[in-house]
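Here is how the chains run, residue by residue.
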Amino acid sequence: MVLEEATKGKSLTMIDVDFSKAYDSTERFAKEISLRRMGFPEEGLHMWQMFDGDRNMHVLTAYGLTEPVTPECGAWGQGAVESPTGWLGFMCWMSAYVEKYTNDPYIYGHNEHQCAITKVIYADDGTYFQRTREGAQRAMDCVSNFATATGIIVKPTKSYIYSNSPGKAVTITTHEQSNTKYTLQTPVYTALTELADTAFFKHLGNIQTANGKSTIYDVEMYDASYQGNIFNKVNRNMAALASRNITAGGTLQVLKSVVIRQILYPTTYANMDTAQIDKLQRRVQQVVRKKLRIPSHIRSDVLYMHEDLGGIGEDDMIDIVNMNRLITLMMCLAFVVYIWYSI
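Residues numbered from 1 in each chain as written. Predicted model: local features only at pLDDT ≥ 70, side-chain atom pairs only at ≥ 80, totals over all residues. Heavy atoms only, no water.

(A) Here's a closer look at the nonpolar core. Counting residues in hydrophobic clusters, the biggest one holds 30 residues, and the most contacted among them are Ile-15, Val-17, Phe-19, Trp-87, Phe-90 and Met-140. If you tally residues by element for this core, the top one is helix α5 (residues 133–150), at 7 residues. In this structure Phe-90 touches Ala-30, Ser-34, Trp-76, Phe-146, Thr-150 and Ile-152, once residues within four positions along its chain are discounted. If you look at the next biggest cluster of nonpolar residues, it comprises 26 residues, including Val-234, Met-272, Leu-280 and Leu-303. (Core = buried A, V, L, I, M, F, W, Y, C linked by side-chain atoms within 4.5 Å. Buried < 20%, exposed > 50% of the residue type's maximum accessible area, 1.4 Å probe, protein only. Helix = DSSP H or I, 4+ residues; strand = E, 2+ residues; numbered from the N terminus. Contact = heavy atoms within 4.5 Å.)

Now the structure itself:
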């Protein structure tokens, strides 16, 4: 969408909202309503709520276990197998509320190949899309109202906005979280941080700018913090690998099980070009050549040649990345076909 608005001249306002301790701050009544919306059986719902209401927890300290306590929140336990599905139901409830009260979604595509997109939700990370700042403000009012009603905590300092349309600042409303005897205090209106086209931000583990630029190096983020990136991680791992007495076969195993897996996520989903990926491959090649004792006059292409031609038979880094990108595309297309047949 960011690429489309930059090339097609469309109007876009995009907001990323961060929830603080999302799973831990969910109230029991919010859990009950979201499960009921999912069609959860009443018998199972009562049994689950009974567990939440009667459970006692001990905290292990340096002096032993504390006295038992009954938690009031945290309906979705961190690490519990049911929590992701339950939280998804909770976010579906919020999404339905946002959809109902917003009327200016971003229109992706054109003519008969277009769709209206209001939000993209992944676990507790939500990004909201509107064509105008006014529409974005309505979306934020919906998120604020829903968060206030259900008890989840919004972090304005970790939320941000990108818009290619000038206008009034978009705000998000929060309330005091201390003991207020179940009454709302004076609301606090916080203007969301505006991202410039060249400001780096992080979303779902990917570091990029609003104009689509990605980097493999450590970078200063939009909030003046510094974020480590994949090149230095690979550099540290390869330096550690080079310093240890590991055989050639062991080196290749480490590459496949650790280093390449670490490289794949940011390179598959981010907008990284061949030149950036080649820099990662060259750093890996330096150590592999040393471990395999390849003479300096032999080109590194021997690493990627077929074994029948005298090569090592390893896959080129750009081929591995593009293969993962292709698999992701095929999965998305298969899902679209499944939805089409279902309809």
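There's more to say after this.
(B) Up close: the pattern of salt bridges. What the rule picks out here adds up to 8 salt bridges. With a shortest N-O distance of 2.9 Å, Glu-42 and Arg-36 are connected by a salt bridge. On the accessibility criterion, Glu-42 (34% relative accessible area) is partly exposed. The shortest N-O distance in the salt bridge between Glu-314 and Lys-256 comes to 3.9 Å. With Glu-314 in the loop between α8 (274–292) and α9 (317–342) and Lys-256 in helix α7 (residues 248–269), this residue pair connects regions lying 58 residues apart in the sequence. One connected set of salt bridges, linked through shared partners, spans Glu-32, Arg-36 and Glu-42. (Salt bridge = Lys/Arg side-chain N within 4 Å of Asp/Glu carboxyl O.)

(C) Geometry of the packing of helix α2 (residues 28–37) against helix α3 (residues 42–54). The N-to-C vectors of α2 and α3 enclose an angle of 165 degrees; their axes lie 11 Å apart at closest approach. In terms of their interaxial angle, α2 and α3 are classed as roughly antiparallel. For the crossing formed where α2 meets α3, the hand is right-handed. Residues Arg-28, Lys-31, Glu-32, Leu-35 and Arg-36 of α2 lie in contact with α3, whose contacting residues are Glu-42, Leu-45, Trp-48, Gln-49, Asp-52 and Gly-53. Among the residues making up the contact of α2 with α3, the classes are represented as 3 nonpolar, 2 polar and 6 charged. (Axes fitted to C-alpha atoms, helices over the stretch in contact; angles between N-to-C directions. Parallel < 35°, antiparallel > 145°, perpendicular 65-115°, else oblique. Left-handed = near helix turned anticlockwise from the far one by under 90°. Nonpolar A, V, L, I, M, F, W, Y, C, P; charged D, E, K, R; others polar.)

(D) The environment of Ser-25, seen in detail. The residue Ser-25 is located in the loop between β1 (13–20) and α2 in this model. By relative accessible area, which is 8% here, Ser-25 ends up buried. Taking the C-alpha atoms as reference, Ser-25 lies 33 Å from Cys-332; in sequence the two are 307 residues apart.

(E) Seen up close, the side chain of Thr-173. When you line up the elements, Thr-173 lands in strand β10 (residues 171–174). In contact with Thr-173, not counting residues within four places along its chain, are Ser-144, Pro-187, Val-188 and Tyr-189.

(F) Here's a closer look at α3. For α3, which comprises 13 residues, the first-to-last C-alpha distance of 18 Å matches the rise-based estimate of 18 Å (1.5 Å per residue) to within 8%. Among the residues of α3, those classed as buried are Leu-45, Trp-48, Gln-49 and Asp-52. Projected down its long axis, α3 carries its buried residues within an arc of 95 degrees, all on one side. Among the exposed residues of α3, those oriented more than 90 degrees off its buried face are Glu-43, Met-47, Met-50 and Asp-54. Contact partners of the buried residues in α3: α2. (Expected span 1.5 Å × (residues − 1). Arc of directions from axis to C-beta.)

(G) Summary view of the environment of Asp-24. Tracing the backbone through its elements, the reader meets Asp-24 in the loop between β1 and α2. Residue classification places Asp-24 among the partly exposed positions, given a relative accessible area of 36%. In this structure, the C-alpha to C-alpha distance between Asp-24 and Ala-75, residues 51 residues apart in sequence, is 6.7 Å.

(H) Looking closely at the state of the cysteines. The full count for this structure, using the stated rule, is 0 disulfides. Free cysteine Cys-92: the closest other cysteine sulfur is in Cys-142, separated by 16 Å. The thiol sulfur of Cys-332 is not disulfide-bonded, and the nearest other cysteine sulfur, from Cys-115, lies at 13 Å. Look at Cys-332 and you get partly exposed, because its relative accessible area is 44%. (Disulfide = S-S within 2.5 Å.)

(I) Quick peek at the environment of Lys-119. Mapped onto the secondary structure, Lys-119 falls in strand β6 (residues 119–122). With relative accessibility at 22%, the residue Lys-119 sits in the partly exposed group. For the pair formed by Lys-119 and Ile-260, sequence separation is 141 residues and the distance between their alpha carbons is 32 Å. Other than its neighbours up to four places away in sequence, Lys-119 contacts Ser-95, Glu-99, Thr-127, Tyr-128 and Phe-129. Within the local environment of Lys-119, its side chain forms a polar contact with the side chain of Glu-99, the two groups lying 2.6 Å apart. (Polar contact = N/O pair within 3.5 Å; in protein donor to acceptor, adjacent residues only side chain to side chain.)

(J) Representation of a nonpolar patch on the surface in the model. Among the surface-exposed residues, Tyr-122, Leu-204, Tyr-265 and Tyr-269 lie close enough to one another that they form a single nonpolar patch of about 430 Å² accessible area. You can see Tyr-265 is positioned in helix α7. (Patch = residues over 30% accessible without salt bridge, like charges linked within 9 Å, V, L, I, M, F, W, Y side chains within 5 Å. Areas by Shrake-Rupley, 256 points an atom, 1.4 Å probe, with all protein chains shown as cover.)

(K) View of helix α6 (residues 230–243). Over its 14 residues, α6 extends 20 Å from the first C-alpha to the last, a length consistent with the 20 Å expected when each residue adds 1.5 Å. For α6, every residue scored as buried is listed here: Ile-230, Phe-231, Val-234, Met-238 and Leu-241. In an axial view of α6, the angular spread of the buried residues amounts to 95 degrees, which keeps them on one side of the axis. Among the exposed residues of α6, those pointing more than 90 degrees away from its buried face are Arg-236 and Ser-243. Packed against the buried residues of α6 are α7 and α8.

Coordinates in, geometry out; function isn't part of it.
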